[in-house]
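The chain contents come next:
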Amino acid sequence: MPATMLKEQFLAAIDPMALILPPDVYPIWAEAHHPHEPKVAEVAKLVKALTPEQVRLAGARVKALRGYLAIVEEAGITGR
């Protein structure tokens with residue numbers, strides 16, 4: 001079975017709109033209706049449960065993502 005078909009079936013199992021909308025349109029609709037913006041309180045609760053090593057590793061990932069973001073913004077892509 002093609003990977004795209006498996007992905008579409010997985011999405012449909014989570015959100016029935018994935019059955020209705022075309023695969024190129026569904027991600028746009030999903031982001032508009034179910035934005036991935038966790039609440040600060042939810043993130044803070046998760047951070048409190050991390051071990052010191054997990055906090056260090058997460059901090060390193062954040063630092064790396066900031067670096068990538070700076071490169072993308074410098075290239076002319078911004079979150080307008």
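Remember, it's a predicted structure, so these values are computed and weren't measured experimentally.

Draft legend 1. Molecular detail of the overall build of the protein. Scanning the protein from N- to C-terminus turns up five helices and zero strands. Of the regular secondary structure in the protein, the N- to C-terminal order runs α-α-α-α-α. When burial is assessed residue by residue, the protein has 8% of its 80 residues classed as buried. Taken as a whole, the protein presents about 7200 Å² of accessible surface, with 68% of it coming from carbon and sulfur.

Draft legend 2. Representation of the confidence of the model for the protein in the model. Here the protein averages 80 in pLDDT, and 76% of its residues register 70 or above. At the level of individual helices and strands, the protein shows its lowest average pLDDT in helix H1 (residues 3–14), which scores 58, and its highest in helix H5 (residues 52–74), which scores 92.

Draft legend 3. Geometry of a nonpolar patch on the surface. A cluster of nonpolar side chains, contributed by Val43, Val47, Leu50 and Val55, occupies part of the molecular surface with about 270 Å² of accessible area. By secondary structure assignment, the location of Leu50 is in the loop between helix H4 (40–48) and H5.

Draft legend 4. Just H5, in detail. With 23 residues, H5 ought to run about 33 Å at 1.5 Å a step, and its terminal C-alpha atoms sit 33 Å apart, in line with that. One or two positions beyond H5, positive phi appears at Gly76, with a value near 110 degrees.

Draft legend 5. Molecular detail of the environment of Val47. Position of Val47 among the secondary structure elements: in helix H4. Between the C-alpha atom of Val47 and that of Ala58, which follows or precedes it by 11 residues, the distance is 9.4 Å.

Rules used throughout
- Residues numbered from 1 in each chain as written.
- Predicted model: local features only at pLDDT ≥ 70, side-chain atom pairs only at ≥ 80, totals over all residues.
- Heavy atoms only, no water.
- Helix = DSSP H or I, 4+ residues; strand = E, 2+ residues; numbered from the N terminus.
- Buried < 20%, exposed > 50% of the residue type's maximum accessible area, 1.4 Å probe, protein only.
- Areas by Shrake-Rupley, 256 points an atom, 1.4 Å probe, with all protein chains shown as cover.
- pLDDT = per-residue confidence, 0-100.
- Patch = residues over 30% accessible without salt bridge, like charges linked within 9 Å, V, L, I, M, F, W, Y side chains within 5 Å.
- Salt bridge = Lys/Arg side-chain N within 4 Å of Asp/Glu carboxyl O.
- Expected span 1.5 Å × (residues − 1).

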